[in-house]
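Spelled out, the chains give:
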Amino acid sequence: MSPSPRVRLTVAQALVRFLSAQYTERDGARHRLIAGTWGVFGHGNVAGVGQALLEYADAMPYHQGRNEQAMVHAAVGYARQLNRLSAQAVTTSIGPGATNLVTGAALATINRLPVLLLPGDHFATRPADPLLQQLEHPSGADITVNDALRPVSRFFDRITRPEALLASALQAMRVLTDPAETGAVTLALPQDVQAEAYDWPEEFFAERVWHVRRPEPDPAELAEAVRLLRGARRPLLVAGGGVHHSEAEEALKALVDVTGIPVASTQAGKGSLRHDHPADLGGIGHTGTAVADALAREADLVLGVGTRYSDFTTASGTLFQHPDVRFVNLNITAFDAHKLAARPLLADARSGLTALTAALADHRVDAAYEAEYRAGKERWERVVAAAFDAEDDAVPTQTQVLGALDAVVGDTDVVINAAGSLPGDLHKLWRARSPRQYHLEYGYSCMGYEIPAAVGVQQAAPEVVVWSLVGDGTYLMMPTEIVTAVQEGLPVNLVLLQNHGYASIGGLSEETGGERFGTAYRYRAADGSFSGDPLPVDLAANAASLGMDVLRAKTVRELREALTAARASDRPTCVYVETDPAATAPPAEAWWDVPVAAVSGREAALAARERYDRRVTARRHHL
């Protein structure tokens, strides 16, 4: 038998060539698995992965980023827009370049979104010790800063020998394409190993197609779920991000149309039904709608689909108050399917919903229950309309900014946000018109996500209009990828709200006895507090200096005109508006547990603790 043909390449060249031949397939549609690689180069990757990306530039697109964390955010936005069927890689040097990946990796893994991380590492052969930017750890010579990526990665390996890449690369692809296991995958690459040559078997570079499975529900679990649903008088379906990842929106609609079960959505699941579907109740939990939270309190059965039940969804364990409430969780991961002592329905969301629809074809909720939630939905629509309403010549509040945007967006536009007070307002008020329109990163709620994620979404869907909504606090965290959008000619739209501080945390601080300490962007006053005049910061000028077209709006009328112009533009455009700080958003309909100081010498903290002690008594453990 003749030996298998081999080709001599560096480890980095072999990795890039391997990645360029990987594909996913689901429902007969094929996608490039690693569609491109982001990179900031330094001594830890420039001569290895950097040279390999140059060598294979025709096969592996390269994207130039400005900040390593932002590159991960862009890759995550890309993967989410494409339902996790296509992803991107991120390469960095050693040291700070590698540690800057940690926040992005945590975000990806928490949100179950695939991204491949390729940080440089110090020499495997250790010819010099320590290297520039090397962490020396007295208890372990093999510990590097890349080990910080272990707890936030779904798979981690350090490739200390060329031949180790053969098995590890395949494991990395397995995890990236596994709908139950996916998240950040890290292959740490010592810089000397990156450049080392090896004779690779040709079959390593053969085209591989990774099938993304749709597991069907177990018959016994399905029968139990159907039995519970048939016996429920007030069922409620909670739609999570898994509905979108599975492209199960039509299957969800089919179940709801047959059964009349109402749907409330988590931040990740919003848009699972169109906003004007009669069974769509909007958001649930601390930032949910009045109708959704009222039904949740009285639901005797909760069908969770693709949700991990964060504290915002459950109102920190205080929302589902029916004494006999039970849970059925349709989820592709056993870890999430068993939460809240639920009856698990372990399956792909689309497969599971389709099976439920077939089994419940002759079942519908009581007409009185259906009339009740439809009336509640109509009442909430009037609340939304009031929050969006504004005089043309008024300085807009934050919710009125959303109302102006609501009047401008098209059905396929994508609206991106992650942190601050905007997520709560959007969850309560936004009218999602399509499955991908509402793009809220609220698993990690990471300030700085919005702008790079908009770049990633625009790369994934060049045909759609992308809106990145940010407040001044988030903008100051990470505006760097504006430069990338300009460089790549990506016409992302940035809606920049100036409210001179951390509005969300300021409100939370006031509610919990913190008296808005450290949350305003103002000069120091004579007493040492930050209560002086607003800082003379011109964020619009900053965005313009980075290459964006900037449209300033002072009134509601000017805002509508600016948003309309931005939507029609083929250039990266910033709409800048200084908002009226008056609160026009509806109040929270459910609690969120943020512990308050048990003792204090300040009256505000004592009052906050008294409120806290009253609310915490409603918490339940669902067993």
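Residues numbered from 1 in each chain as written. Predicted model: local features only at pLDDT ≥ 70, side-chain atom pairs only at ≥ 80, totals over all residues. Heavy atoms only, no water.

A. Just the sheet that holds strand β18 (residues 414-417), in detail. What the six strands build is an open sheet, ordered β19-β18-β20-β21-β23-β22; its pairing is parallel. Sheet topology places β19 (438-440) and β22 (549-553) at the edges, where each strand pairs with a single neighbour. Between one strand axis and the next, the sheet turns through 20° on average, direction left out of account. (Pairing = 2+ DSSP bridges. Helix = DSSP H or I, 4+ residues; strand = E, 2+ residues; numbered from the N terminus. Axes fitted to C-alpha atoms, helices over the stretch in contact; angles between N-to-C directions.)

B. Examining the pairing of strand β6 (residues 87-92) more closely. Within β6, six of the six residues are buried, which leaves the element mostly enclosed by the surrounding structure. Side chains A87, A89 and T91 project from β6 onto one buried face, and the interleaved Q88, V90 and T92 project onto a second face that is buried too. Pairing of strand β4 (residues 34-39) with β6, which is carried by four bridges, proceeds in the parallel orientation. Across the sheet, residue W38 finds its bridge partner in β6, namely V90. Taken together, the four bridges between β6 and strand β7 (residues 115-121) define a ladder with parallel strand orientation. In the strand pairing of β7, A89 is matched with L116. (Buried < 20%, exposed > 50% of the residue type's maximum accessible area, 1.4 Å probe, protein only.)

C. Spotlight on the pairing of strand β8 (residues 155-158). Here four bridges tie β8 to strand β9 (residues 184-190), and the two strands are oriented parallel to one another. Each residue of the ladder has a partner; that of F156, found in β9, is T186. As for the winding sense of the linkage, the β-α-β connection from β8 through helix α6 (residues 164-177) to β9 is right-handed. (Right-handed = clockwise from strand over helix to strand, strands pointing away.)

D. Structural context of the packing of aromatic side chains. All told, the structure shown has eleven aromatic pairs when counted by the stated rule. With 4.8 Å between their ring centres and 75° between their planes, Y198 and W200 make a pair best called edge-to-face. Judged by relative accessible area, Y198 falls into the partly exposed class, the value being 23%. Taken together, a centroid distance of 5.2 Å and an interplanar angle of 75° make the contact between F312 and Y442 edge-to-face. Pair noted here: F312 is in helix α12 (residues 311-314) and Y442 is in the loop between β19 and α18 (450-460), with a separation of 130 residues, a long-range link. (Phe/Tyr/Trp six-rings, centres within 6.5 Å; stacked < 30°, edge-to-face > 60°.)

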